[in-house]
Amino acid sequence: MLESNGRTLYTRSMEDVSSVSAGQVLPTGTVTFLFTDIEGSTKLAQQHPEAMPDLLARHHEILRQSIHTYNGFVFQIIGDAFCAAFYTVGDGLNAAVDAQRRLQSENWGDTLIRVRMGLHTGSAEWDGDAYHGYLTLAKVQRVMSVAWGGQVLLSNSSAELLQDEMPKGIALRNLREHRLKGLPALEHLWQVVSPDLQQDFPPLQSLSEIPNNLPVQLTRFIGREQEVEEIKQRLEKNRLVTLTGSGGVGKTRLSIQAASRLLEDYPHGVWLVELAPLTDPEGVTGTVCAALDITLQGLRPPINVLTEYLYSKKLLLVVDNCEHLIDTCAQLCESLLHTCPELRILASSREALGIDGENTYRVPSLSLPDPKTGRDAIEGSEAVRLFMERATANLPEFELTEANASSVAQICKRLDGIALAIELAASRVKMLKVEQIASRLDDAFRLLTGGSRTALPRQQTLRALIDWSYNLLSEQGRILLRRLSVFMGGWTLEAAEFVADDADILDLLTHLVDKSLVAVDLEHGDEPRYYLLETIRQYGREKLSESGEVDSIRDRHLAYYLAFAARAEPEVQGAEQRLWFDRLDADIDNFRAALEWSLNGDTERAETGLQLASSLWWFWYLRSNREEGQWLEKTLEASQSSTDRVSRANALARLAWVRFFDEMYANEGLALGQSLGPVGRESVALALLGKGAWAMYQADYAQAISLVEESLQLFREIENRWGICEALTWIGLSLIFQGDHEKAMGPLQESLALAQKARDGNEIGFALWQLGRAAMARGDYSQATTAMRESLDLYRELKLSGGITFLLGDLGKASLGQGNYQQASSYYREALTIYWDWGNKRYIAQGLEQLADVAMVCQQYQHAARLMGAAEAIRQASGAALFPFQTEDYKRSLNLLRSKLDESTLSTHWSEGQAMDTKRAVEYALG
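Residues numbered from 1 in each chain as written. Predicted model: local features only at pLDDT ≥ 70, side-chain atom pairs only at ≥ 80, totals over all residues. Heavy atoms only, no water.

## Some points on the environment of Ala421
Tracing the backbone through its elements, the reader meets Ala421 in helix H14 (residues 419–426). On the basis of relative accessibility, which here comes to 0%, the residue Ala421 falls in the buried class. Residues Ala421 and Gly247 lie 174 residues apart in sequence; the distance between their C-alpha atoms is 9.7 Å. (Helix = DSSP H or I, 4+ residues; strand = E, 2+ residues; numbered from the N terminus. Buried < 20%, exposed > 50% of the residue type's maximum accessible area, 1.4 Å probe, protein only.)

## Thoughts on the sheet that holds strand S14 (residues 343–348)
Ordered by their spatial adjacency, 5 strands build an open sheet running S12-S13-S14-S11-S15, and the pairing between neighbours is parallel. For this open sheet the edge positions go to strand S12 (270–274) and strand S15 (358–362), each flanked by a neighbour on one side alone. Pairwise comparison of adjacent strand axes, ignoring direction, gives a mean angle of 20° for this sheet. Pairing of strand S11 (residues 240–244) with S14, which is carried by 4 bridges, proceeds in the parallel orientation. From the neighbouring strand, Thr242 faces S14, where its bridge partner is Ala347. (Pairing = 2+ DSSP bridges. Axes fitted to C-alpha atoms, helices over the stretch in contact; angles between N-to-C directions.)

## Quick word on the confidence of the model for the chain
For the chain, mean pLDDT is 84; residues scoring 70 or higher make up 88% of the total. Highest mean pLDDT in the chain belongs to S14 (95); lowest belongs to strand S1 (residues 2–4) (36). With pLDDT under 50 throughout, residues 1–19 is counted as low confidence; its partners more than four residues away or in other chains account for 54 contacts. (pLDDT = per-residue confidence, 0-100. Contact = heavy atoms within 4.5 Å.)

## With respect to the side chain of Gln100
Along the chain, Gln100 falls in helix H3 (residues 89–105). In contact with Gln100, not counting residues within four places along its chain, are Val115, Met117, Gly150, Gln151, Val152 and Leu197.

## Describing the pairing of S11
Most of S11 sits inside the fold, with 5 of its 5 residues counted as buried. Residues Leu240, Thr242 and Thr244 of S11 are buried on one face, and the alternating residues Val241 and Leu243, pointing to the opposite face, are buried as well. Pairing geometry for S11 and S15, over 5 bridges, is parallel. Looking at the pairing, Val241 lines up with Asn359 of S15.

## Comments concerning the packing of aromatic side chains
Taken as a whole and judged by the stated rule, the model has 26 aromatic pairs. Ring geometry for Tyr561 versus Phe591: centroids 5.5 Å apart, planes at 80°, classification edge-to-face. You can see Tyr561 sitting in helix H22 (residues 550–571) and its partner Phe591 sitting in helix H24 (residues 588–598), a full 30 residues away along the chain. Classification of Phe591 by relative accessible area gives buried; the value is 1%. (Phe/Tyr/Trp six-rings, centres within 6.5 Å; stacked < 30°, edge-to-face > 60°.)

## A short note on the pattern of salt bridges
Overall, the coordinates contain 33 salt bridges when judged by the stated rule. Between Arg102 and Asp98 there is a salt bridge whose closest N-O contact spans 3.0 Å. Taken as a pair, Arg102 and Asp98 lie in helix H3 at a separation of 4 residues, close to a single helical turn. With a closest N to O distance of 2.9 Å, Arg796 and Glu830 form a salt bridge. Of this pair, Arg796 sits in helix H35 (residues 781–798) while Glu830 sits in helix H37 (residues 821–838), and the two are 34 residues apart along the sequence. (Salt bridge = Lys/Arg side-chain N within 4 Å of Asp/Glu carboxyl O.)

## With respect to unusual backbone geometry
Of note in the backbone geometry, Asn71 takes a positive phi value of approximately 65° without being a glycine. On the secondary structure map, Asn71 appears in the loop between helix H2 (52–69) and strand S4 (73–78). Positive phi outside glycine occurs at Asp416, with the angle close to 60°. Relative to the assigned elements, Asp416 resides in the loop between helix H13 (405–414) and H14.

## With respect to the environment of Ser899
Structurally, the position occupied by Ser899 is in helix H40 (residues 887–900). Polar contacts involving the side chain of Ser899 include one to the main-chain carbonyl oxygen of Leu896, which spans 2.7 Å. (Polar contact = N/O pair within 3.5 Å; in protein donor to acceptor, adjacent residues only side chain to side chain.)

Structure follows, in structure tokens:
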């Protein structure tokens, strides 16, 4: 027997050569296996070393004859153990019975040979040298191993197949279900009964014979193999392991599963103590005694009786649902562990017991799918597998398809992988399509009801489940939990202190973490972040609304994130830009929630929202996140009645940039800023810079230079270092496009020097990029590549995807200029991949056209025509026309295609490209 990639392969040994001839075809597909071995063979060999070889030879001959008589094949012999395969279960049974008759009638002298046998039918494949089918082969091995010498056992699958072909004179005795080592589910076993064979044996040697009260599970255990192994390992090293986690995460089921795998390690049993129905702390010890079937007599204290019973026993107690009796459970466990040296305890609770020697294991949610992936990837997650298991139990014809997979994934993700919530959602497939279930999860507490009638009341609905945890909190804990529900996507301790209006909440917050109501992430970011699971956040929002303080808490939330954004605004232009980008990214959902709240019709809130949106403009611009610009537009509209004209002027100027130099907003911001006099100079300078950038994109280079020089003057007057660097670089860029690349060097080098002095990575990268463009414009591709590679490294370090992608395009152009077509293709392909991730149709079309340029250089003109046809279709559908400065290069490429392909061929391949949708076009380009 060999191990290969974790799967057992039963192969022919040297003793098998006479049984399996070369090229012989053995049973494959559905196969019945017979495994045998001699009971106590090692001890027999030690007691009768001289007689044993002859005894083994006779044993082998009897088994071979019986197996061959009934069309079986011996494919492996290991010592005294035979492994045989049969085409039918009837043949396998006849061979086993015939062999036992011969073995039991044989005269063995003083040495009695007793053979145990097991039969099982399952799926396996023979490849000429080995059987493959780990689960089938493992099961037949386990069936045989629990038998006694002289006994033949059958698995349930073999027994069911014998219903219509039971050999005459043979019957089956029902031995009920048993736990077999290493197998997750119980196995129903049957004993072969024949008048001329021994019929009475001791109880089977299965794990079920180890004393225990673990319940038989009626549904399949899904996933969590790693968690089970980790719990087993922890119990080897620690006498008390406590499983903690939020309500419904699956602590009870996991503890029972882990305990069932540990039966063989505890000869005095594994005992489950269920505390959930208990309300009186005085009854805890008595409940443990009842689970162990200990009779309490007289006036002796239950703890004394329990301690005396457990003192000398190697036993595992599984104490479930301790949270509502936490102090009593802690005292009892500590007392028992101190006085009973062989005792181990596996507890489950929403918070740790908090005693010496306790090892706490936080039970994670089920693994989640990515709704954006395909059905196969989605189906692999534990959460989806649980949903499917429970959904098909409610609606057998339910299937996971490409059409509904993303909705199922969304349900599991929205429910945070909480097992009970997923089971409740799956029960709704009888009445609703999964798309409807997903859309109704904003009201999860109304939707997720109707659990098992036999479950505890708090496990029948999601609301009852969380009510249980909420009601166990102190009043101050409840207040904090509902106030924390205002956060979206997590928060820091500083944010919680401000929003919850409590400068000393650390102990309370720690208490909520301990009770598994708040999660904490210590691994990512420069400070801990705290989270509420989505279901708990929804519950907290309801409680916050009921409390009457929702307006005041949301106002504090808005005020905090305004202050945070204002503090971050200069930092995202400085030396610690990357750190502040990460901080802002972490709170992006909180910014959106705060901005949404600012739009509810209150003028003062609208002004605050406008200031918040204005403070985030540079972050949005550098992240190339045009969609977030909607907040500037919305807050501008909501604050129309505001008298704060300075904020409006600044917002309009910034919006021009977030919308990538939108001339309309630049004009509005310029007009309003100019009317404000000196206080509006920053917004005027920014608007002028945006107008200049827009003019450059329209190929009006003289106008662009004039506008940007005017903005530069204003930035110098107000000593805005970022504005000076930005304006100088845009002047240089406009001069490059105008063809005066030598003159462009002056402002670009000045910008670079200022940026380097300020250690502003973004501005350093921007200036280097344009210096590279200047070098490329004068034909110095080597210097251009050096400068742009340095800029690219900076942008990668800062995670500035906008700069990275546009630089990749210019580096591709420089590579083409040097004749390095493969490098150019690599740059363009990476850029297109990022464009696709953005979902930006304008730049996807540009990426296709760039790869078409590579194809034409490589004389792949038909391929290039398809790419350009696809790009044209995308531009037409999205309204993303070429900028004027791009038209010359585009015409040059098109003319080259026309010179290389006749009109008919060009039209055919161009049309093929136009017929592609965007996804197919990108896949075609990258493939």
